[in-house]
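Structural overview for review
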Amino acid sequence: MSTYPRSPAGPRMSSGRRQLLRGLAASMPAAALPRLATAGQGFPSRPITIIVPASAGGLLDVYQRFVDKLAAPFLNNQPIIIENRPGANLLLGADAMARQDRGDGYLLTQALQIQVRMPHLQKVRYDALRDLTWIICMVTSPFGIAVRADSPLRSFDDLIAAARARPGEISYGTVGFANGGHLLMEEVARLKGVKFNVIPMKGSADVIQAALGGHVDAMSDSASWSPQVQAGKMRLLVTFSESRLEKFPNVPTATELGVPIVYTSPIGLAGPKNMDPAVVRVLHDAYKRAIDQPAHKDILDKFDLIPGYRDTAGFTEEMRASYEREKAMVARLGLKT
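In this text, all values refer to a predicted model and were calculated from it rather than measured experimentally. (Residues numbered from 1 in each chain as written. Predicted model: local features only at pLDDT ≥ 70, side-chain atom pairs only at ≥ 80, totals over all residues. Heavy atoms only, no water.)

We now examine the overall build of the chain. Within the chain one finds 11 helices and 10 strands. In the chain, which comprises 337 residues, the share counted as buried stands at 50%. Of the contacts formed within the chain by residues at least 6 apart in sequence, a portion of 79% connects residues at least 24 apart. Just so you have it, the chain exposes about 16600 Å², and 51% of that area is on carbon and sulfur atoms. (Helix = DSSP H or I, 4+ residues; strand = E, 2+ residues; numbered from the N terminus. Buried < 20%, exposed > 50% of the residue type's maximum accessible area, 1.4 Å probe, protein only. Contact = heavy atoms within 4.5 Å. Areas by Shrake-Rupley, 256 points an atom, 1.4 Å probe, with all protein chains shown as cover.)

Between helix H2 (residues 59-71) and helix H10 (residues 296-303), the least distance of the axes is 10 Å, while the angle of their chain directions is 170°. Looking at the two axes, H2 sits roughly antiparallel to H10. Residues Leu59, Val62, Tyr63, Phe66, Val67 and Leu70 of H2 lie in contact with H10, whose contacting residues are His296, Asp298, Ile299, Lys302 and Phe303. (Axes fitted to C-alpha atoms, helices over the stretch in contact; angles between N-to-C directions. Parallel < 35°, antiparallel > 145°, perpendicular 65-115°, else oblique.)

Along the chain, the position of Gly180 falls in helix H6 (residues 180-192). Sequence separation between Gly180 and Ser222 is 42 residues, and the spatial gap between their C-alpha atoms is 7.7 Å. Not counting residues up to four positions away in its chain, the partners in contact with Gly180 are Arg117, Phe143 and Tyr263.

All chains considered together, the criterion is met by 18 salt bridges. The salt bridge partner of Arg130 is Asp127, with a shortest N-O separation of 3.1 Å. For Arg130, a relative accessible area of 61% corresponds to the exposed category. Residue classification places Asp127 among the partly exposed positions, given a relative accessible area of 24%. Note that Arg244 is salt-bridged to Glu256, the shortest N-O span being 2.8 Å. Of this pair, Arg244 sits in the loop between strand S8 (234-239) and strand S9 (264-272) while Glu256 sits in the loop between S8 and S9; the two residues are 12 residues apart in sequence, bridging distant segments of the chain. (Salt bridge = Lys/Arg side-chain N within 4 Å of Asp/Glu carboxyl O.)

Right, let's talk about the packing of aromatic side chains for a bit. Each aromatic ring pair is specified by the distance between its two centres and by the angle formed by the two planes. Taken as a whole, this structure holds five aromatic pairs when the rule is applied. Ring geometry for Phe143 against Tyr263: centres 5.4 Å apart, planes inclined by 70°, an arrangement best described as edge-to-face. Taken together, the residues span a long stretch of sequence, with Phe143 in strand S4 (residues 132-148) and Tyr263 in the loop between S8 and S9 at a distance of 120 residues. The burial state of Phe143 is the same as that of Tyr263; both residues are buried. Taken together, a centroid distance of 6.1 Å and an interplanar angle of 90° make the contact between Tyr172 and Phe196 edge-to-face. Of this pair, Tyr172 sits in strand S5 (residues 171-175) while Phe196 is found in the loop between H6 and strand S6 (197-201), placing the two residues 24 residues apart along the sequence. (Phe/Tyr/Trp six-rings, centres within 6.5 Å; stacked < 30°, edge-to-face > 60°.)

Here Thr109 shows up in strand S3 (residues 107-112). For Thr109, a relative accessible area of 0% gives the class buried. Excluding residues within four positions of it along the chain, Thr109 makes contact with Ile50, Ile51, Pro53, Gly93, Ala94, Met97, Gln115, Gly268, Leu269 and Ala270.

Take the pairing of S3 next. S3 sits mainly inside the fold: six of its six residues count as buried. With four bridges joining them, S3 and S9 adopt antiparallel strand pairing. Within S9, the residue paired with Ala111 across the bridge is Gly268. (Pairing = 2+ DSSP bridges.)

Structure follows, in structure tokens:
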């Protein structure tokens, strides 16, 4: 709890005057009352930069730009600048947070599951539990496997059969090494006794282009495939959500097909450690109001994103728990970079 210096003592106010002022305040409409000065009240007073650790045009980039527009009116209408930093397994945003001298809220990053997974796989330049402030979780994204519309792989069973017939030859694109899409395919391969050829890429846009161009046989990613499937350019073989997606009722879940994997990934906002709690509250409240806007449903529908709001405390606890779960999954799969 922060403590603030007391103001110098001034003239005492009579009890009668105090009662009069209280009565006047009670009779005034709330909008007419002066705002109390609070820490963080002037934030932000200049543009905010948010690092999207993936290439422009993909799901993470498009979603962040959309929600930023909804949040801006609640952040003093200050510009919100997107800085795309693709590569390095989506870790460049978390790495930037660890190198911040102060948590003033003007440089933030998208918060993603992989940020608590990769420390179990390789040496990283940040501490996932100490160097990040988990501000808010806005949505979660389901994962799925999709192929080009004219692919001979017309079902999940076809994919498994092809991988069994040609071990290590059936390729799939995914965002980076050991992201959710990669780990899911490794789990599928382990449970089905097959082997795939993973092709890591910088971002979802690159994965989609590779799949559409026939450079890989399939793609395993969060819901970036949704617009392509809706447009008839790709076919969705399976999802790893708890139940079938409303927009694709004919596409089975992995559990329906005997593969006991349910996996969704959070998309949120994070900052560096030691952020002023008042600034965290301003950011949290602005983005909470953004995702409560009716227009937010448009982006959920476009990418089949799932509402997944968590406040600062809830998101922090969730990511700490995820840190331990990811550690166990990595150990089970025996992955190495």
